[in-house]
Amino acid sequence: SPFTVLCHCFSLSWVSASANSHDDFLECLCSYHPKESSSITQVIYTETNSSYSAVLDSSIRNQRFSTPNTPKPLVIVTPLNISHVQATIHCSKKHGLQIRTRSGGHDFEGLSYVSHVPFVVIDLVNLRSVDVDVENEEAWVQSGATVGEVYYRINERSTNLTFPAAVGRTVGIGGSISGGGDGLLFRKYGLSADNVIDAQLVDANGRVLDRRSMGEDLFWAIRGGGGGSFGIVISWKIKLVHVPSTVTVFSVGRTLEQNATQLLHRWQYVAPNLPNDVYSVVTISTTNASENRTKTVLATFISLFQGGANDFIPLMQERFPELGHVKEDFIEMTWIESLLLLNGASNETSEILLDRSNRYSILPPSFKSKSDYVRKPMPEIALQGLWPQLLEVDEGGIGVHYFIAYGGIMEEISETETPFPHRKGTLYKIYYNIGWLEEESNNSQRYISWMRKLYSYMGPFISKSPREVYLNYRDLDIGRNNYYGKTSYKQASIWGRKYFKNNFDRLVYVKTKTDPKNFFKHEQSIPPRFH
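Notes on the structure in this doc start here. Please read all numbers here as calculations on a predicted model, not as lab measurements.

## A short note on the sheet that holds strand β3 (residues 98-102)
Spatially, the four strands line up as an open sheet ordered β1-β2-β4-β3, and their pairing is mixed. Two strands close off the open sheet at either side, each with one partner strand: β1 (44-46) and β3. Averaged over all adjacent pairs, the angle separating strand axes in this sheet is 25 degrees, with direction ignored. As judged from the five bridges shared by β3 and strand β4 (residues 119-123), these two strands associate in the parallel manner. Looking across to β4, one finds that Thr101 is bridged to Ile122. Together, β2 (75-77), β3 and β4 form the strand contacts of helix α4 (residues 82-94), whose direction differs from that of β4 by roughly 170 degrees.

## What to know about the packing of helix α9 (residues 260-270) against helix α12 (residues 380-391)
Relative orientation of the contacting elements α9 and α12 amounts to 130 degrees, with a least axis distance of 10 Å. Regarding the angle of α9 to α12, the classification is oblique. Between α9 and α12 lies a crossing whose hand is right-handed. Contacts from Thr261, Gln262, Leu264, His265 and Gln268 in α9 reach Glu380, Leu383, Gln384 and Trp387 in α12. Looking at side-chain class alone, the contact of α9 with α12 contains three nonpolar, five polar and one charged residues.

## Structural notes on the sheet that holds strand β14 (residues 295-305)
Pairing in this open sheet of seven strands is antiparallel, and the strands run β15-β12-β14-β13-β17-β18-β16 from one edge to the other. One side of each edge strand has no neighbouring strand; the edge strands of this open sheet are β15 (330-333) and β16 (366-374). The average undirected angle you get between the axes of adjacent strands in this sheet is 20 degrees. Examined bridge by bridge, strand β12 (residues 247-255) and β14 share eight bridges and lie antiparallel to one another. In the strand pairing of β14, Val252 is matched with Phe301.

## Overview of the nonpolar core
By size, the foremost hydrophobic cluster in this structure holds 127 residues, and its most contacted members are Ile222, Ile238, Trp267 and Phe403. Counting residues per element, this core draws most heavily on helix α13 (residues 441-458), which supplies seven residues. Grouped together as the second largest cluster of nonpolar side chains are 15 residues, Leu26, Ile40, Val43 and Val77 included.

## Remarks on helix α11 (residues 335-342)
Turning to α11, its buried residues are Trp335, Ile336, Ser338, Leu339 and Leu340. As for α11, its buried residues are in contact with α5 (147-157), β7 (161-162), β12, β14 and β15. Backbone geometry just after α11 places Gly344 at a positive phi near 70 degrees.

Rules and cut-offs
- All residue numbers refer to position in the chain's written sequence, counted from 1.
- Selection of residues for local features in this predicted model requires a pLDDT of at least 70, selection of side-chain atom pairs for listing and counting requires 80 or more, and totals for whole chains, interfaces and linings are taken over all residues.
- Hydrogens are left out, water is left out, and the side-chain values use all remaining heavy atoms of the structure.
- Strand pairing follows a simple DSSP-based rule, namely that at least 2 bridges must link the two strands.
- A helix here means a DSSP run of H or I that spans at least four residues, while a strand means a run of E at least two residues long, and both kinds are numbered starting from the N terminus.
- A fitted line through C-alpha atoms represents every axis, and for helices the fit uses only the stretch in contact; the resulting angles, taken between N-to-C directions, go from 0 to 180 degrees.
- Only heavy atoms matter for contacts: two residues are in contact if any of them lie within 4.5 Å across the pair.
- Orientation labels follow simple angle bins: below 35 degrees gives roughly parallel, above 145 gives roughly antiparallel, 65 to 115 gives roughly perpendicular, and whatever is left gives oblique.
- With the far helix as reference, a near helix turned anticlockwise by less than a right angle produces a left-handed crossing, and one turned clockwise produces a right-handed crossing.
- Basically, the charged four are Asp, Glu, Lys and Arg, the nonpolar ten are Ala, Val, Leu, Ile, Met, Phe, Trp, Tyr, Cys and Pro, and anything else, Gly included, counts as polar.
- Among the buried residues, those of types Ala, Val, Leu, Ile, Met, Phe, Trp, Tyr and Cys that are joined through side-chain atoms within 4.5 Å form a nonpolar core.
- The buried label applies to any residue whose accessible area, calculated with a 1.4 Å probe on protein chains only, is under 20% of its type's maximum; exposed applies above 50%, and partly exposed to all values in between.

Limitation: the analysis is restricted to geometry and does not speak to function.
Written as structure tokens, this is what we have:
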């Protein structure tokens, strides 16, 4: 149960020497709004509380950051309202504690719930309402909602409206929008961040700001500039988009022995130039060849089309005849059914979208991920060099790569429209993932080293100056702030330009103006200019 004792009765046996300051922090939370002290005690969890571990673990999506040696928050707050957020910011500043803000827990490096200095987690799990306005085709969604909850609540009101968001149902909408948010509809409607029309944010001074009061610079920064740098976004006003009553999905697998290399090479030229109604991804994994059971590489070509099979079949037969589609490969369904299928939950009802657990997750329990953007098609020989590396992964590991086509409307939106810069000229994004079932330090390092070697191999074939990466696939290997001291602009720009290119300078300007003392910070947060 939550921490429910009266505020003046806190009795905690903190291990650290600063026990009194931690007690003072808890007392501060209760005294911030004395009339609400009883409500805030319902949402405070400390290490002495029996529910602490369950709350902390509830949305940790990467078990690499759930070991006995992983630093744990001194306090977890699961706010019920904005005043609880304001109180936590005020008291954290007053007592020298860091804040980490968690919506879905999908941060690939655990930055939303891990820190190496004394810290507090604000877990937005209780702030997850989705208020849909069908008539105006808008909705207010709170940051703690998952993508699945957003999809479900919109579909509940209208089967022909939705929101361009991520594929994974348990991804937190707040974190996803904060990093841009590409997904199934982004080639037609743009990113999640491109479809935000207002927001409600609590800044470092505890002020509650909307688009008008925060100003266009800050509103620009939070739509792709990353969570944890500018404040805590409580909710987003989003623009809804149209989906037809029928969509069509196909999935065709080809092994190396079935010309997977040549097909993937050809896909690079075809997929980015398909109509905007098509989402196209190739998953690269290993499998056993049917004829002799030896390990081989499998490329699975998956597409989602906003329309019926009668329109999609001739299109694909014209554009990509090499794949050898047959009519039976194309399956018509509703939009919501396609979401279930692509989440590996096609046998479930749509209520599974409300399930915040890891069931059906495509990610193994522990993993290391990286990303790349490709602006020129890779030669066949480069692809051939990938396969031996995938095949060398041992039985305990699971290596999967995703090639996700860009193009479409992304070619037409300026790379300065939001901080997300990977627009015109981007053929596709690569998402590399290595996962494993056991969390043992020796295994972890072996798999992480494998990923780094693969990333090094890919260097000559992807975007250059800078080598671009996707912010929502956090990767501390590419650089980090000097967490214990003051991070220089020069140091932060090493990783900042990989995520944001030239937009990094404007983000630093906004940070300097809105949070000059750098209260909101983590290993890859935007620094103020003078830090």
